[in-house]
Amino acid sequence: MTDRLITSLTNDTVKNVRALNMRKERESTGQFLAEGLKFIGEALDQGRAPRLLLVGMEARDHPLLDRAKAATRAAGGEVIVVTHPILEKISRRDNPQTVLGVFEQVYTPLSAIQPGAAPCWVALEQVRDPGNLGTIIRTADAAGCGGVILIDDCVDPFSTEAVRATMGSVFAVAIARTTRAEFLAWRQSWPGSVIGTRLDATHGYRDAALQHPALILMGNEQAGLTDELAAACDVNVKIPMRGRADSLNLAIATGIMVYAATDAA
Ligand code: SAM
């Protein structure tokens, strides 16, 4: 089969794909961009085929690329061959990946989360930094968590920067988004421990008796976890700060918490 070839930077499909770098466009289309064969392989392993697969003219033959092309076509998507300048323009990089995929965003409704499916889940209040969010999604996946719940106004997990930082884990864990009020109501029926993280907590992060599944709440990068959410936790804990730094980076603190919770499972 001969795939469509696009060479013009002003082609409408190229413009539409480029526009996915903007949140407004991602929200209205429900789509996002993932760059590189590794990401596309992760997606295929999770049964997710791209709507569009853009393949650079210079892309080398690879069995995974053949699989990606076949899966895209089988799912009703399109494979398009594009020039290097088009890949540069879309990815906004001088050395773009030679394969880009456009995928549907998938959010798991809170009501569809099955707490017992994993020993640990993460909830983030108003996370602002896409790199932090992507790193947390990747770390949650690595530690064996079931998913990440975004409370209130959080950064977009499907932004290009966040997706890059997930290294493909964006396809592997459940991602939910909710308001604070909805979260507080839903939390009432959580079957295990709900653990908040606060710098003013008196319990150490290893001291709290933990019942799985654990739900770990992490706060905003500047303001920390709000009093309202901290009050809804069974216990609030602190990771010791032994030097001059007064707090840890949010993603690092999440990594420490989720490994402590899953190691204890
Ligand atoms: N000034 C903020 C505060 O007072 O909480 C600092 C926020 S910190 C950069 C971002 C988040 O990382 C916190 O809300 C908490 O969830 C987590 N965190 C960072 N350091 C922590 C620590 N030592 N113990 C527990 N949680 C921590």
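What you see is a predicted model, and the numbers here were worked out from it, not measured in a lab. (Residues numbered from 1 in each chain as written. Predicted model: local features only at pLDDT ≥ 70, side-chain atom pairs only at ≥ 80, totals over all residues. Heavy atoms only, no water.)

Student: I tried to follow the pattern of salt bridges on my own but got confused; where do I start?
Tutor: Pairs can form between side chains of opposite charge once their charged atoms are near each other. In the structure shown here, the tally under the stated rule is 15 salt bridges. Taking the shortest distance from any N to any O, the salt bridge between Arg23 and Glu27 comes out at 3.5 Å. Linking Arg23 with Glu27, this pair stays in helix H2 (residues 23-29), spanning four residues, or about one helical turn. On the basis of relative accessibility, which here comes to 45%, the residue Glu27 falls in the partly exposed class. (Salt bridge = Lys/Arg side-chain N within 4 Å of Asp/Glu carboxyl O. Helix = DSSP H or I, 4+ residues; strand = E, 2+ residues; numbered from the N terminus. Buried < 20%, exposed > 50% of the residue type's maximum accessible area, 1.4 Å probe, protein only.)

Student: Help me out: how do you make sense of the site of the ligand in this one?
Tutor: Taken together, 17 residues form the shell around the ligand, and within it Thr197, Gly219, Gln222, Ile239 and Leu248 come nearest. Gly219 places a main-chain nitrogen or oxygen 3.0 Å from an oxygen atom of the ligand. The fraction of the free accessible surface of the ligand (560 Å²) that becomes covered by protein chains is 85%. Per-class residue counts for the shell around the ligand are nine nonpolar, six polar and two charged. (Near = heavy atom within 4 Å. Polar contact = N/O pair within 3.5 Å; in protein donor to acceptor, adjacent residues only side chain to side chain. Areas by Shrake-Rupley, 256 points an atom, 1.4 Å probe, with all protein chains shown as cover. Nonpolar A, V, L, I, M, F, W, Y, C, P; charged D, E, K, R; others polar.)

Student: Can you help me understand unusual backbone geometry in this one?
Tutor: With glycine set apart, most residues show a phi of negative sign, and most peptide bonds adopt trans. Cis geometry marks the peptide bond from His212 to Pro213; its omega dihedral reads 0 degrees. Structurally, Pro213 is set in the loop between strand S10 (203-204) and strand S11 (214-218). Unusually for a residue other than glycine, Asp152 sits at a positive phi of about 70 degrees. If you trace the backbone, Asp152 turns up in the loop between strand S7 (147-151) and helix H7 (160-166).

Student: Would you mind showing me how to read the pairing of strand S4 (residues 78-82) here?
Tutor: Every other side chain in a regular strand lies on the same face of the sheet, so the side chains alternate between the two faces. Across three bridges, the pairing between strand S1 (residues 4-6) and S4 is parallel. Note that in S4 the partner of Arg4 across the bridge is Ile80. Direction of pairing for strand S3 (residues 52-56) relative to S4: parallel, over a ladder of five bridges. In the sheet register, Leu54 faces S4, and the bridge partner there is Ile80. Handedness of the crossover joining S3 and S4 through helix H4 (residues 63-74): right-handed. (Pairing = 2+ DSSP bridges. Right-handed = clockwise from strand over helix to strand, strands pointing away.)

Student: Sorry if this is basic, but what is going on with the packing of aromatic side chains here?
Tutor: Think of a pair of aromatic rings as described by two things: how far the centres are apart, and how the planes are tilted against each other in angle. Summed over the entire model, instances satisfying the criterion amount to eight aromatic pairs. Looking at Arg177, its charged tip hangs above the ring of Tyr107, at a distance of 3.8 Å from the centre. (Phe/Tyr/Trp six-rings, centres within 6.5 Å; stacked < 30°, edge-to-face > 60°. Lys NZ or Arg CZ within 6 Å of the ring centre and 35° of its normal.)

Student: Explain the packing of helix H6 (residues 130-143) against helix H10 (residues 250-263) here, please?
Tutor: Between two packed helices, what matters for the description is the angle formed by their axes and the separation of those axes. Where H6 contacts H10, the axes come no closer than 9 Å and their chain directions differ by 15 degrees. Relative to H10, the element H6 lies roughly parallel. Crossing of H6 against H10: the hand is right-handed. On H10, the residues that touch Asn132, Thr135, Ile136, Thr139, Ala142 and Ala143 of H6 are Leu250, Ala251, Thr254, Gly255, Val258, Tyr259 and Thr262. Its residues assigned to classes, the contact of H6 with H10 shows seven nonpolar, six polar and no charged. (Axes fitted to C-alpha atoms, helices over the stretch in contact; angles between N-to-C directions. Parallel < 35°, antiparallel > 145°, perpendicular 65-115°, else oblique. Left-handed = near helix turned anticlockwise from the far one by under 90°. Contact = heavy atoms within 4.5 Å.)

That is the geometry; function is a separate question.
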